[in-house]
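Structural features, examined
Below are the chains, spelled out letter by letter.
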Amino acid sequence: MSSPPIVAPFPATRLRRLRRTPALRALTTEVSLSAANLIWPIFVTEIAGGAGEIPSMPGVERLTLDGAKRAAETAMRLNIPAVCIFPHSDPDLKTDTCERAWDPENIGNKAIRAIKEVAPDLAVMTDIALDPYNANGHDGLVRDGVILNDETVEALVRMALAQAEAGADILGPSDMMDGRIGALRMALEGNGHKDVAILSYAAKYASGFYGPFRDAVGASGRLVGDKKTYQINPANREEAMRCVARDLAEGADMVMVKPGMPYLDICRMVKDQFAAPTYAYQVSGEYAMLEGAIRNGWLSRDVVLESLLAFRRAGCDGILTYYAPQLAERLA
Ligand code: PBG
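This report concerns the structure included in the present document. Model, not experiment: these values are computed from the prediction.

Re the pattern of salt bridges
- By the definition in use, this model includes 19 salt bridges.
- For Lys 116, the salt bridge goes to Asp 169, with nearest N and O atoms at 2.7 Å. Linking Lys 116 in helix 3 (residues 107-118) with Asp 169 in the loop between helix 4 (149-166) and strand 8 (170-171), this pair joins segments that are 53 residues apart in sequence.
- Looking at Lys 116, the relative accessible area reads 18%, which means it is buried.
- Asp 139 is the partner of Lys 227 in a salt bridge, and the nearest nitrogen-oxygen pair spans 2.7 Å. Of the two residues, Lys 227 is situated in the loop between helix 6 (211-216) and helix 7 (238-250) and Asp 139 in the loop between strand 5 (123-125) and strand 6 (141-143); the sequence distance between them amounts to 88 residues. Side by side, Lys 227 and Asp 139 carry an identical accessibility label, which is buried.
- What you see here is one network of salt bridges that share partners, running through Asp 175, Asp 178, Arg 180, Arg 246 and Asp 247.

This is the structure:
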């Protein structure tokens, strides 16, 4: 008896079927990215001659107050829902006591009011940490080389109330002191600002990827020591989850993972464990790496979109990125 002809097993599953045409690929796209997912960080300077391109962040400029207003109008036109203000403040006015951090007339608060004048519907996010106004470059008050937790939290509360008073919609505590979210939330509730949101930099790592940012805000040469006693050890995952759990329990409305691309595993864990509004910060060093390689012709500009899609795939609702205006323009 002859055996039946051998038929090669038919591949019932050919995953390439759905990749064949642009229409099929569109139908099977799993995550999306739109301007609505973006928060645009901007640097605002009060220093005469301080405006202009930041050498370690090619394509990103420090803005004057007028420049910040124009950026706000650009954000509105491109449907970017929020900008985040970072102050480039006068180095001669930085002190170890940081009192300018809660001065209603500091450059950060001036920028909030200026933006609200021209773009009242744009959400304005701020940074809460003492470093822009601190003579020693730290996010907290320092005594005998030690970063003081509770004294810093008191200062942060003052800073937050001044920002809320100036019209901020979202406060972004980036300092990593313990107990700051609870203290900020209570102060906001008690002082007529119960609807001001807190986007906590909950899982903020002690990262080398912040280098260009510190150039941008003029903190680079200044930092005495490092930030390892308050920012998270890059080797840790569980600690980040405890930070997020704690900040949500204390009254954070939204949480952030920072940096972004090297910490996508953390983004996914946060979204899965807490199901809260989750954001990643594609930080200055990530921008510098991509933009440097793109400008050298080593990578195509398509990597920008790919890098941001990764955050959406990892579960993030949105991304703080210096690419926000460029990407929104491209998506429009
Ligand atoms: C400091 C702060 C930093 C960034 C945002 N807020 C730097 C730091 O912690 O030293 C970094 C953002 C970036 O690198 O783009 N409060």
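Structure shown, so let's carry the discussion forward.
Quick word on the site of the ligand
- Neighbouring the ligand are 18 residues, the closest being Lys 204, Arg 214, Lys 227, Lys 258 and Tyr 322.
- Within the side chain of Asp 131, an N or O atom sits 3.2 Å from a nitrogen atom of the ligand.
- A distance of 2.7 Å separates an oxygen atom of the ligand from a polar atom in the side chain of Lys 227.
- Notes on the ligand: free accessible area 400 Å², of which the protein chains cover 100%.
- In terms of residue class, the shell around the ligand is built from eight nonpolar, three polar and seven charged.

Some thoughts on the nonpolar core
- Counting residues in hydrophobic clusters, the biggest one holds 106 residues, and the most contacted among them are Phe 43, Ile 115, Met 125 and Ile 266.
- Sort the elements by how many residues they give to this core and helix 4 lands first, with eight residues.
- Not counting chain neighbours up to four residues away, the residues in contact with Met 125 comprise Ile 39, Val 83, Cys 84, Ile 85, Ile 170, Gly 172, Leu 199, Tyr 201, Met 256 and Leu 320.

Considerations on the pairing of strand 10 (residues 254-258)
- Counting buried residues in strand 10 gives five out of five residues, a clear majority hidden from the surface.
- Of the two faces of strand 10, the one carrying Met 254, Met 256 and Lys 258 and the one carrying Val 255 and Val 257 are both buried.
- The pairing of strand 9 (residues 197-204) with strand 10 spans four bridges and is parallel. By the bridge assignment, Ala 203 is partnered in strand 10 with Val 257.

Rules used throughout
Residues numbered from 1 in each chain as written. Predicted model: local features only at pLDDT ≥ 70, side-chain atom pairs only at ≥ 80, totals over all residues. Heavy atoms only, no water. Salt bridge = Lys/Arg side-chain N within 4 Å of Asp/Glu carboxyl O. Helix = DSSP H or I, 4+ residues; strand = E, 2+ residues; numbered from the N terminus. Buried < 20%, exposed > 50% of the residue type's maximum accessible area, 1.4 Å probe, protein only. Near = heavy atom within 4 Å. Polar contact = N/O pair within 3.5 Å; in protein donor to acceptor, adjacent residues only side chain to side chain. Areas by Shrake-Rupley, 256 points an atom, 1.4 Å probe, with all protein chains shown as cover. Nonpolar A, V, L, I, M, F, W, Y, C, P; charged D, E, K, R; others polar. Core = buried A, V, L, I, M, F, W, Y, C linked by side-chain atoms within 4.5 Å. Contact = heavy atoms within 4.5 Å. Pairing = 2+ DSSP bridges.

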